[in-house]
Amino acid sequence: MGAHDTGRDDDKGLTGPADLAPLAAAERAALVRVIEASGAFSPDPRWRDAFTAVPRHLFVPYYYVSGVGGYERRWGESRDPRTRERWLRGAYEDTPLATRLRDGELLSSSSQPSLMALMLAALRVEDGYRVLEIGAGTGYNAALLSYRLGDAYVTTVDLDPEITESARAHLAAAGYHPTVVTGDGARGVPERAPFDRIIATCTLASIPRAWIGQCRPGALILAPMATGLVVVTVRDAGHAEGRFLHTPAFFVPLRGEGRPDAEPTVCGGVPRRARDSDLFRFLLALTRGTLDPQEAYALWEREGMPGRERYGITVDDGAAWAWLDEPEGPYAWPLPAP
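Residues numbered from 1 in each chain as written. Predicted model: local features only at pLDDT ≥ 70, side-chain atom pairs only at ≥ 80, totals over all residues. Heavy atoms only, no water.

Asks: Whenever I open this one, the overall build of the protein chain confuses me. Can you help?
Replies: Assigned secondary structure in the protein chain consists of ten helices and 14 strands. Within the protein chain, the proportion of its 338 residues that are buried is 52%. Across the protein chain, every contact between residues at least 6 apart in sequence was considered, and the portion connecting residues at least 24 apart equals 60%. (Helix = DSSP H or I, 4+ residues; strand = E, 2+ residues; numbered from the N terminus. Buried < 20%, exposed > 50% of the residue type's maximum accessible area, 1.4 Å probe, protein only. Contact = heavy atoms within 4.5 Å.)

Asks: Mind showing me how you'd approach the pattern of salt bridges here?
Replies: Opposite charge on two side chains makes pairing possible when the charged atoms of those side chains draw close. In the structure shown here, the tally under the stated rule is 18 salt bridges. Residue glutamate 36 is joined to arginine 48 by a salt bridge in which the shortest nitrogen-to-oxygen separation is 3.1 Å. Of this pair, glutamate 36 sits in helix α1 (residues 21-38) while arginine 48 is found in helix α2 (residues 47-53), placing the two residues twelve residues apart along the sequence. Under the relative-accessibility criterion, glutamate 36 is labelled partly exposed at 39%. Note that glutamate 301 and arginine 273 form a salt bridge whose closest N and O atoms lie 1.9 Å from each other. You can see glutamate 301 sitting in helix α10 (residues 293-302) and its partner arginine 273 sitting in helix α8 (residues 272-275), a full 28 residues away along the chain. (Salt bridge = Lys/Arg side-chain N within 4 Å of Asp/Glu carboxyl O.)

Asks: Can you help me understand the packing of aromatic side chains in this one?
Replies: Remark: the centre distance and the inter-plane angle together describe each pair of aromatic rings, the angle taken between the planes. The full count for this structure, using the stated rule, is ten aromatic pairs. Geometrically, the ring pair formed by phenylalanine 244 and phenylalanine 282 is edge-to-face, given 5.1 Å between the ring centres and 80° between the ring planes. Of the two residues, phenylalanine 244 is situated in strand β11 (residues 239-244) and phenylalanine 282 in helix α9 (residues 278-287); the sequence distance between them amounts to 38 residues. For the pair formed by phenylalanine 244 and phenylalanine 282, the shared burial category is buried. The structure contains a cluster of three or more aromatic residues connected by ring pairs, namely Phe41, Phe51, Phe59 and Tyr140. We note arginine 73 situated over the ring of tyrosine 62; from NZ or CZ to the ring centre the distance is 4.4 Å. Stacked on the ring of tryptophan 47, the Lys or Arg arginine 148 has its end atom at 5.0 Å from the ring centre. (Phe/Tyr/Trp six-rings, centres within 6.5 Å; stacked < 30°, edge-to-face > 60°. Lys NZ or Arg CZ within 6 Å of the ring centre and 35° of its normal.)

Asks: I'm lost on the packing of α1 against helix α3 (residues 81-91) in this one. Help?
Replies: Pairs of packed helices are described in terms of their axes, by the angle between the two and the distance that separates them. Running from N to C, α1 and α3 point in directions that differ by 25°, and their axes come no closer than 9 Å. For the element pair α1 / α3, the angle class is roughly parallel. Here α1 runs over α3; the crossing is right-handed. From α1, Leu23, Ala24 and Glu27 reach across to α3, where they touch Glu85, Leu88 and Arg89. Its residues assigned to classes, the contact of α1 with α3 comprises three nonpolar, no polar and three charged. (Axes fitted to C-alpha atoms, helices over the stretch in contact; angles between N-to-C directions. Parallel < 35°, antiparallel > 145°, perpendicular 65-115°, else oblique. Left-handed = near helix turned anticlockwise from the far one by under 90°. Nonpolar A, V, L, I, M, F, W, Y, C, P; charged D, E, K, R; others polar.)

Asks: I keep staring at the pairing of strand β13 (residues 319-324) and nothing clicks. Help me out?
Replies: The side chains of a regular strand alternate, residue by residue, between the two faces of the sheet. Of all the six residues making up β13, five are buried; the element is thus mostly covered by neighbouring parts of the structure. As paired elements, strand β12 (residues 311-316) and β13 share six bridges and run antiparallel to each other. By the bridge assignment for β13, isoleucine 313 is matched with alanine 322. The loop that links β12 with its antiparallel partner β13 comprises two residues; one of these, aspartate 317, has a positive phi angle of about 50°. Here β13 runs beside strand β14 (residues 332-334); their pairing, made up of three bridges, is antiparallel. Paired with tryptophan 321 across the strands is proline 334, a residue of β14. (Pairing = 2+ DSSP bridges.)

Asks: What am I meant to see in α9 here?
Replies: Count 3.6 residues to each turn of an α-helix, and residues three or four apart come out pointing the same way. Among the ten residues in α9, seven count as buried, and that is most of the element. When α9 is considered as a whole, its buried residues turn out to be Phe280, Phe282, Leu283, Leu284, Ala285, Leu286 and Thr287. The backbone nitrogen of leucine 279 lies 3.2 Å from a side-chain oxygen of the residue at the head of α9, namely serine 277. Positioned one or two residues after α9, arginine 288 has a phi angle of 50°, which is positive. (Polar contact = N/O pair within 3.5 Å; in protein donor to acceptor, adjacent residues only side chain to side chain.)

Asks: Would you mind showing me how to read helix α6 (residues 161-174) here?
Replies: Taking 1.5 Å per residue, 14 residues should reach 20 Å; α6 reaches 20 Å between its end C-alpha atoms and fits that length. Two residues or fewer after α6 comes glycine 175, characterised by a positive phi angle close to 90°. (Expected span 1.5 Å × (residues − 1).)

Asks: Mind showing me how you'd approach the layout of surface pockets here?
Replies: Summary: where empty space remains is shown by rolling a probe the size of a single water molecule over the atoms. Quantified by volume, the largest pocket comes out at close to 480 Å³. Lining the largest pocket are 33 residues, and of these Ser109, Ser111, Thr201, Phe251 and Val252 sit closest to its centre. A per-element tally of the lining of the largest pocket places strand β4 (residues 105-110) first, with five residues. The residue makeup of the lining of the largest pocket, split by class, is 18 nonpolar, twelve polar and three charged. (1 Å grid on protein atoms, 1.4 Å probe; cavity = no way out; pocket = protein on both sides within 12 Å on 5 of 7 lines; lining within 4 Å. Points joined across faces, edges and corners; volume = space filled by probe spheres on them.)

Asks: What should I look at first to understand the nonpolar core in this one?
Replies: One recurring pattern in soluble globular proteins: nonpolar side chains tend to sit buried together. Of all hydrophobic cores here, the largest spans 51 residues; its most connected members are Trp47, Phe51, Leu144 and Leu145. In terms of residues, this core owes the most to one element, helix α4 (residues 113-123), which gives eight residues. Counting 48 residues, the second largest nonpolar core, distinct from the first, contains Leu132, Val157, Phe282 and Leu286. (Core = buried A, V, L, I, M, F, W, Y, C linked by side-chain atoms within 4.5 Å.)

Asks: Just to check I follow, could you spell out the environment of arginine 73 for this structure?
Replies: With respect to the secondary-structure elements, arginine 73 resides in strand β2 (residues 70-75). Overall, the relative accessible area of 43% leaves arginine 73 in the partly exposed class. Separated by 14 residues in sequence, arginine 73 and tryptophan 87 have C-alpha atoms that sit 9.2 Å apart.

What follows is the structure, encoded as structure tokens:
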């Protein structure tokens, strides 16, 4: 039996409005076609089967949509069939969905599916790999990993017990049972180590030392940082290095230890074309005040408005830094200690 073949009935234990089952299947198939058209499956087409099998709507029994008067709550158990249908169709749009708010602050969300597919493909998993997910969210990402690798190989952790409780319930409803841990994700999950892959679904200031120490040599860590996604290879317990992917990515910050500071604000004195550029704002966020906006603009112009893939980070025996083109090159900026 292949790693993606769990031996389970993929509809086992499904909950939600039974009258919407045909629509759910059709909408899920349409979402998979959208993801496929984005090219996210190209590095590893086997993820297509996972997105085809795992029902996203079970992981978002309700979500919030921003509107003129604030957030509108969409709920799958509404008595109004038109409202239920709108909830279901929204659950299969290729967009992030706000799932948990507190005092107007976004605490948890279900990420954009095409971005999730891109991140999962970039992990380059193989059968038998042990994966740690930082940030349980709704449980949808852990379900995709469990479909591909098997429950025993997947661990997900979150600081908020309400989030882990609901993620565990969503996973069980869909027929998946990975290890769900309530704890500070910055500390990893040492009792489940060593890991072959770590994937974070929350923005970091640096790669925590604990994660590197809980990885096997050669493991990959994929994490959002400075509006991008960095993939580092672990050499040993004290060293990891890698580059950013080309794509932008925006996630809520890691709660607990290692939470990043707010992103810097672009100041005056910089031409509008730079202020409006996602790549320039990425440089500002990555350098975190080491460069003032005018210095950052001069570098950005001089180097031809570099894309994210030209940047990388290095963690080496307690020091961490970001760099452009080469780790030991002329452009390097310190990151917070891991």
